[in-house]
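# A look at the structure
Here is what each chain is made of, one letter per residue.
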Amino acid sequence: FLQLKIMNSSKYKHIIWDWNGTLLNDGWLFVDVMNDILDKRNMPLLTLDRYREIFGFPVKDYYVKLGFDLEAEPFEESGMEFIHAYDKRRYEASLYPEVLPLLIQLSGRGISHSILSAQHQHFLDDLVEYYQIASFFTGVIGLDNHYATSKIENGKNWVKKLDLDPQNIVMIGDTDHDFEAAIAMGVDCILISHGHHHKYRLEATTATVVDDFAALSNVIINSNPSILNGGK
């Protein structure tokens, strides 16, 4: 499709997007897959509300909060069980409906995009292609393992490759780990509250927090260094 370029009044020239929970509405799927695993072990099942309270990085700590005994059953075993089950159902989630219009809008303003995720690179590449949005991104960066430890080092390396002033880059995510990554990368951070963490957890950071993509668009387009404090 053709895009009409509009003068970019935003301070941002590049957006680094988180994937799961930020662009992809998949919190419910994470809960559904995990509940099958918990049910097999006669462990208490998880609600989406509870998931958003306890999920975090490294994911190994989240398993402990769920009640897994990692001495009796190594994290690598239960973790891979989740990955294999998720793999079979990974196309069931959908992009948030506002994602494509927002990417078109911001790209039309000359803002470039990339994805930085703690998901395995293979899954991430596959899903970005499946949802037909790969053409929007100058880079799609995932992890080389399935254990979702951290994406900070990948993020720092990616910012160096972008060759932009960090003040002109913003990280957009849905967890406090996205804020931690933004701090490490030296870029601003905007967190959206529709994903894998409750809003109160996001507000415990110093990032700008928004509730939906309409508010996100407004913040980006009208961005001013004095009102965005995440990552500085």
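Rules used in this analysis
Residues numbered from 1 in each chain as written. Predicted model: local features only at pLDDT ≥ 70, side-chain atom pairs only at ≥ 80, totals over all residues. Heavy atoms only, no water. pLDDT = per-residue confidence, 0-100. Contact = heavy atoms within 4.5 Å. Phe/Tyr/Trp six-rings, centres within 6.5 Å; stacked < 30°, edge-to-face > 60°. Helix = DSSP H or I, 4+ residues; strand = E, 2+ residues; numbered from the N terminus. Buried < 20%, exposed > 50% of the residue type's maximum accessible area, 1.4 Å probe, protein only. Salt bridge = Lys/Arg side-chain N within 4 Å of Asp/Glu carboxyl O. Axes fitted to C-alpha atoms, helices over the stretch in contact; angles between N-to-C directions. Parallel < 35°, antiparallel > 145°, perpendicular 65-115°, else oblique. Left-handed = near helix turned anticlockwise from the far one by under 90°. Nonpolar A, V, L, I, M, F, W, Y, C, P; charged D, E, K, R; others polar.

## Some thoughts on the confidence of the model for the chain
- The pLDDT averaged across the chain works out to 90; a share of 90% of its residues lies at or above 70.
- Across residues 1-5 the pLDDT falls below 50, and counting only partners more than four positions away or on other chains, this stretch makes 10 contacts in the model.
- For residues 225-232, every residue scores under 50 in pLDDT, and the model assigns this stretch 31 contacts once sequence neighbours within four places are set aside.

## What about the packing of aromatic side chains?
- Scanning the entire structure with this criterion turns up 16 aromatic pairs.
- Taken together, a centroid distance of 6.0 Å and an interplanar angle of 45 degrees make the contact between Tyr-86 and Phe-123 tilted. With Tyr-86 in helix α4 (residues 75-89) and Phe-123 in helix α6 (residues 121-130), the pair connects residues that are 37 residues apart, well separated along the chain. Phe-123 carries the same exposure label as Tyr-86, and that label is buried.
- One aromatic cluster in this structure is built from Phe-30, Tyr-51, Phe-55, Phe-57, Tyr-62, Tyr-63, Phe-68, Phe-75, Phe-82, Tyr-86 and Phe-123.

## Topic: helix α8 (residues 176-185)
- Those residues of α8 that fall on the buried side of the exposure criterion are His-177, Asp-178, Phe-179, Ala-181, Ala-182 and Met-185.
- Phi turns positive, to about 75 degrees, at Gly-186, one or two residues after α8.

## Details of the environment of Leu-116
- As for its placement among the helices and strands, Leu-116 is situated in strand β4 (residues 112-120).
- Taking relative accessible area as the criterion, Leu-116 reaches 1% and is therefore assigned buried.
- Every residue in contact with Leu-116, bar those within four places of it in the chain, is listed here: Ile-16, Trp-17, Asp-18, Trp-19, Ile-141, Lys-151, Asn-154, Gly-155, Met-171 and Met-185.

## Points about the pattern of salt bridges
- Tallied over the entire structure, the rule returns 15 salt bridges.
- Close ionic contact of Glu-153 with Lys-156 constitutes a salt bridge, the shortest N to O distance being 3.5 Å. Taken together, the positions of Glu-153 and Lys-156, both in helix α7 (residues 152-162) and three residues apart, correspond to about one turn of that helix.
- Lys-199 is the partner of Glu-203 in a salt bridge, and the nearest nitrogen-oxygen pair spans 3.9 Å. Taken together, the positions of Glu-203 and Lys-199, both in helix α9 (residues 199-203) and four residues apart, correspond to about one turn of that helix.
- Residue Glu-203 is classed as partly exposed on the basis of its relative accessible area, which comes to 48%.
- On the basis of relative accessible area, Lys-199 is assigned to the partly exposed category, the value being 32%.
- Each of Lys-40, Arg-41, Glu-73 and Glu-81 takes part in a single network of salt bridges with overlapping partners.

## Details of the packing of helix α1 (residues 27-40) against α4
- Their axes nearest at 10 Å, the elements α1 and α4 cross at an angle of 130 degrees. If you check the angle between α1 and α4, you find them oblique. Our pair here, α1 against α4, has a crossing hand that is right-handed. Between α1, through Trp-28, Leu-29, Phe-30, Asp-32, Val-33, Met-34, Asp-36, Ile-37 and Lys-40, and α4, the contact on the second element is made entirely by Glu-81, Phe-82, Ala-85, Tyr-86 and Arg-89.
- Broken down by class, the residue content of the contact of α1 with α4 amounts to nine nonpolar, no polar and five charged.

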